[in-house]
Amino acid sequence: MNVIYAIIDFLLPFEAFEWTFMKNALLAILLLTPLLALLGTMAVNQQMAFFSDALGHSALTGIGLGVVLGVSSDLLAMLVFGVVWALLICRIKQTGATSTDTVISVFSSTSVAAGLLILSRGGGFAKYSSLLVGDVLAVTAQDLLWLLVALIAGIILWAVMYNRLLMASISPSLARTRGVRVQLVECAFVVLVAVAVMLSIKWVGVMLINALLILPAAAARNVARSSRQHALISVIIALVCGFAGLVSSYAWDTTVGAAIVLWAAGCYFISLGLRRFIR
Amino acid sequence: MSSQCSLCRIALENVSVTRGGQTLLTDVNMHIHCGQLTVIIGQNGAGKTTLVRALLGEFTHGGAIRHVDSDGREVPRLRTGYVPQHLAFDKEMPVTVEDFLAANFTRRPVWTGVSRRTREKVVEALRAVDGEALLKRPLGRCSGGELQRVLLALAIHPTPDLLVLDEPVSGVDQNGLKMFLDTVARLKAQHHMAILLVSHDLSLVQKYADHVALLDKSVLIQGTPDTVYHSPEFQRIFGVGARNLQSTRIHGADRWTPRVTSDAADGEVPEA
């Protein structure tokens, strides 16, 4: 860890990064944002922005249920609930019986309300309110190790499923005739997104997690022509905005998540303007 | 070449499809021969698409679909290539034709790039359908006809035993369709595969088809285009017995506006 700190000291000889918590936060951002940005490319292509938004909100219910059931780890409770919730929505989406966005909205508000109800019982919600905005400055060296493991595992899974997911997102029936198990691949993707979102919520917050997933990919989509450009530009935007957000939040003394998201939003609007000239 | 294995075929025997209590197809009996273009015609709701989905294994069906080689032996496996009628995808998706084909040809995720070997394979596949120029084109920027050719390039890799083409009803102009069918005719000669075309264009069918089957829940009549087009069954379904079919596209009999020429004067009276 000290070696990495020394490298940061060498590369970024600024006052802000003299603090260990800033170094940790920087590393956390460098680990978190690329995976979300990669997953986001397909979430945007599959028109799942609303779905992932609702998924983030369901973290509250996960923790709430964890408290009721006496699960000691908030993260575990969030992960289990998130995955179950994701599979449920995936199932509804695939049956195609009802309008998906209405169903998602119903589930989303139900889960937020249920989470708030449980967590606010006896007036104790204040201790969970940090979940809403997250705090990347509280990340520890131990957390970073877990984020690294998650990043590597996530990217491997993503690489394995990508081509089949791409085929399924272009035409499910055509993909099926070519031997792709469409439902399985779609559900695997949704679960991967759920896990990535739940792992990030503590640092980014329920309110903003979806922006990190969707904004870089949405901005990249405006200017990319190919899958490779889409992935590459999305990751670059995420990393640059993550860094810029961290530095600017230090300078202006604001919350980090919001600063990152605003930078990413800026990128989106710029890309919207460039779109005519580039694509 | 076709004489070598005139018996090589995909045989449909009493194929029927029932879904949700409704009979969509009943007792369909026909052979789709290798090296031939077999065309299915019929009105909307006649069960054309149902038959395609049964062939592709998407719908469960009664009866049997058997793949028989030129010696009359049954081949257990039937590899189908499929060109859908249209592709309802998000046109803004940043995916090039190269990405699309490479994703089908290799396991390496296309966002990491395309290897030289895969690219050669993609280019070769596109060359077979005169589509090399489309390599770097975003999929959403292809015209209907271009997309059709990309899908054809995909459908013939790996070479299928049965190629199923669902001809587009809209979005492809007459020229694009002719070009597509010329490519199909060339493939038929080169690869000697069995080709099934679901067609909505009666005039082009006459020119390209080797075998035509008129479908209405079951096969009403089948044979050479001439046989079928001069049959009372054809006249009953499409309301005309004229051989010179001037109508271009049909979307069901309501849009059918034939020009009856002197060829119709051989005793056949077109129905009003």
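This structure is a prediction, so every number in the text was calculated from the model and none was measured.

**Thoughts on the overall build of chain B**
Thought 1: Along its length, chain B carries eight helices and ten strands.
Thought 2: With 272 residues in all, chain B has 43% of them scored as buried.
Thought 3: A fraction of 66% describes how many contacts in chain B between residues 6 or more apart in sequence connect residues 24 or more apart.

**Considerations on the overall build of chain A**
Thought 1: Helix and strand content of chain A: twelve helices and zero strands.
Thought 2: Reading chain A from its N terminus to its C terminus gives the helix and strand order α-α-α-α-α-α-α-α-α-α-α-α.
Thought 3: Computed over the C-alpha atoms, the radius of gyration of chain A is 19 Å, within 12% of the 19 Å expected from 2.2 N^0.38 for a compact globule of 279 residues.
Thought 4: Buried positions account for 48% of the 279 residues belonging to chain A.
Thought 5: For chain A, the share of sequence-separated contacts (at least 6 apart) that also reach a separation of at least 24 residues comes to 74%.

**Quick notes on the interface of chain B and chain A**
Thought 1: Chain B puts 23 residues into the contact, and the matching count from chain A is 22 residues.
Thought 2: For the side of chain B that touches chain A, the elements supplying multiple residues, two or more each, are β6 (80-83) and α2 (97-105) of chain B.
Thought 3: Counting residues per element, the side of chain B that touches chain A draws most heavily on α2(B), which supplies four residues.
Thought 4: Class assignment for the residues of the side of chain B that touches chain A results in 14 nonpolar, four polar and five charged.

**Remarks on the sheet that holds strand β3 (residues 37-41) of chain B**
Residues and elements named next belong to chain B.
Thought 1: On the basis of which strands lie adjacent, the open sheet formed by six strands has the order β6-β7-β8-β3-β9-β10 and mixed pairing. Across the chains shown, the open sheet's two edge strands, defined by having one partner strand only, are β6 and β10 (218-223). Between one strand axis and the next, the sheet turns by 20 degrees as a mean value, whatever way the strands run.
Thought 2: One ladder, built from five bridges, connects strand β9 (residues 211-216) with β10; its direction is antiparallel. Looking at β10, one finds that L214 is bridged to I221.
Thought 3: Along the sheet face, helix α4 (residues 144-155) touches β6 and β7 (162-166) and points at about 170 degrees away from the line of β6.

**Details of the nonpolar core**
Thought 1: With 166 residues, the main nonpolar core has A28(A), L39(A), V193(A), L212(A) and A264(A) as its most contacted residues.
Thought 2: Per element, the largest residue contribution to this core is 16 residues, and it comes from helix α2 (residues 20-45) of chain A.
Thought 3: Both domain 1 (1-79 + 160-228) and domain 2 (90-158) of chain B contribute no fewer than three residues apiece to this core.
Thought 4: When near neighbours in sequence (up to four residues on either side) are disregarded, L212(A) contacts T33(A), L36(A), V204(A), I260(A) and V261(A).

**What to know about α2(A)**
For an α-helix, 3.6 residues make a turn, and residues three or four places apart therefore share a direction.
All names here are of chain A.
Thought 1: Under the 1.5 Å per step criterion, the end-to-end length of α2 is 38 Å for 26 residues, consistent within 8% with the ideal 38 Å.
Thought 2: The largest bend along α2 measures about 25 degrees and falls at L39.
Thought 3: For α2, the buried fraction is high: 23 of the 26 residues fall into the buried class.
Thought 4: Where α2 ends, the next residue or the one after it, Q47, has phi of about 55 degrees, a positive value.

**Some points on the environment of A128(B)**
Thought 1: Mapped onto the fold, A128(B) is located in the loop between α3 (116-127) and α4.
Thought 2: In contact with A128(B), not counting residues within four places along its chain, are A153(B) and I156(B).

**Structural notes on the domain arrangement of chain B**
All names here are of chain B.
Thought 1: Domain assignment breaks chain B into domain 1 (1-79 + 160-228) and domain 2 (90-158).
Thought 2: A straight line from the C-alpha centre of domain 1 to that of domain 2 covers 26 Å.
Thought 3: Facing the eleven residues of domain 1 at the interface are nine residues of domain 2.
Thought 4: Per-element tally for the side of domain 1 that touches domain 2: the top contributor is helix α5 (residues 174-191), with five residues.

**Section: the sheet that holds strand β5 (residues 74-75) of chain B**
All names here are of chain B.
Thought 1: Across the sheet, which stays open at both edges, the four strands sit in the order β2-β1-β4-β5 with antiparallel pairing between neighbours. This sheet does not close on itself; its edge strands, each paired only once, are β2 (22-33) and β5.
Thought 2: Note: strand β1 (residues 9-19) against β2, eight bridges, orientation antiparallel. Looking at β2, one finds that A11 is bridged to H31.
Thought 3: Contacting β1, β2 and β4 (62-68), helix α1 (residues 48-55) crosses the sheet at an angle of about 65 degrees to β2.

**Here we look at the packing of helix α10 (residues 209-223) of chain A against helix α11 (residues 227-252) of chain A**
Any two packed helices are characterised by the angle at which their axes cross and by the distance between the axes.
Residues and elements named next belong to chain A.
Thought 1: Relative orientation of the contacting elements α10 and α11 amounts to 135 degrees, with a least axis distance of 8 Å. One element, α10, and the other, α11, form an angle in the oblique class. Seen along the crossing, α10 lies across α11 with a hand that is right-handed. Residues P216, A217, A219, A220, R221 and V223 of α10 lie in contact with α11, whose contacting residues are H230, I233, S234, I237, A238 and C241.
Thought 2: Split by residue class, the contact of α10 with α11 holds nine nonpolar, two polar and one charged.

**Quick look at unusual backbone geometry**
All names here are of chain B.
Thought 1: Cis geometry is adopted by the peptide bond preceding P158, which originates at H157 and carries an omega value of -5 degrees.
Thought 2: One can find P158 in the loop between α4 and β7.
Thought 3: Although it is not a glycine, D130 sits at a positive phi angle of roughly 55 degrees.
Thought 4: Looking at the element boundaries, D130 is found in the loop between α3 and α4.

**Some words on the pairing of β1(B)**
Each regular strand shows side chains that alternate between the opposite faces of the sheet.
Residues and elements named next belong to chain B.
Thought 1: Between β1 and β2, which pair antiparallel in sequence order, lie two residues; one of them, G20, sits at a positive phi of approximately 55 degrees.
Thought 2: With six bridges joining them, β1 and β4 adopt antiparallel strand pairing. Following the sheet pairing, R9 is matched in β4 by V68.

Criteria and cut-off values
- Residues numbered from 1 in each chain as written.
- Chains lettered and ligands numbered in written order.
- Predicted model: local features only at pLDDT ≥ 70, side-chain atom pairs only at ≥ 80, totals over all residues.
- Helix = DSSP H or I, 4+ residues; strand = E, 2+ residues; numbered from the N terminus.
- Buried ≥ 20, exposed ≤ 12 C-beta atoms within 10 Å, placed from the backbone.
- Contact = placed C-beta atoms within 7 Å.
- Rg over C-alpha atoms; globule rule 2.2 N^0.38 Å.
- Nonpolar A, V, L, I, M, F, W, Y, C, P; charged D, E, K, R; others polar.
- Pairing = 2+ DSSP bridges.
- Axes fitted to C-alpha atoms, helices over the stretch in contact; angles between N-to-C directions.
- Core = buried A, V, L, I, M, F, W, Y, C linked by C-beta atoms within 7 Å.
- Domains from an automatic or database assignment.
- Expected span 1.5 Å × (residues − 1).
- Bend = angle between axes of the 7 residues up to and from the residue.
- Parallel < 35°, antiparallel > 145°, perpendicular 65-115°, else oblique.
- Left-handed = near helix turned anticlockwise from the far one by under 90°.

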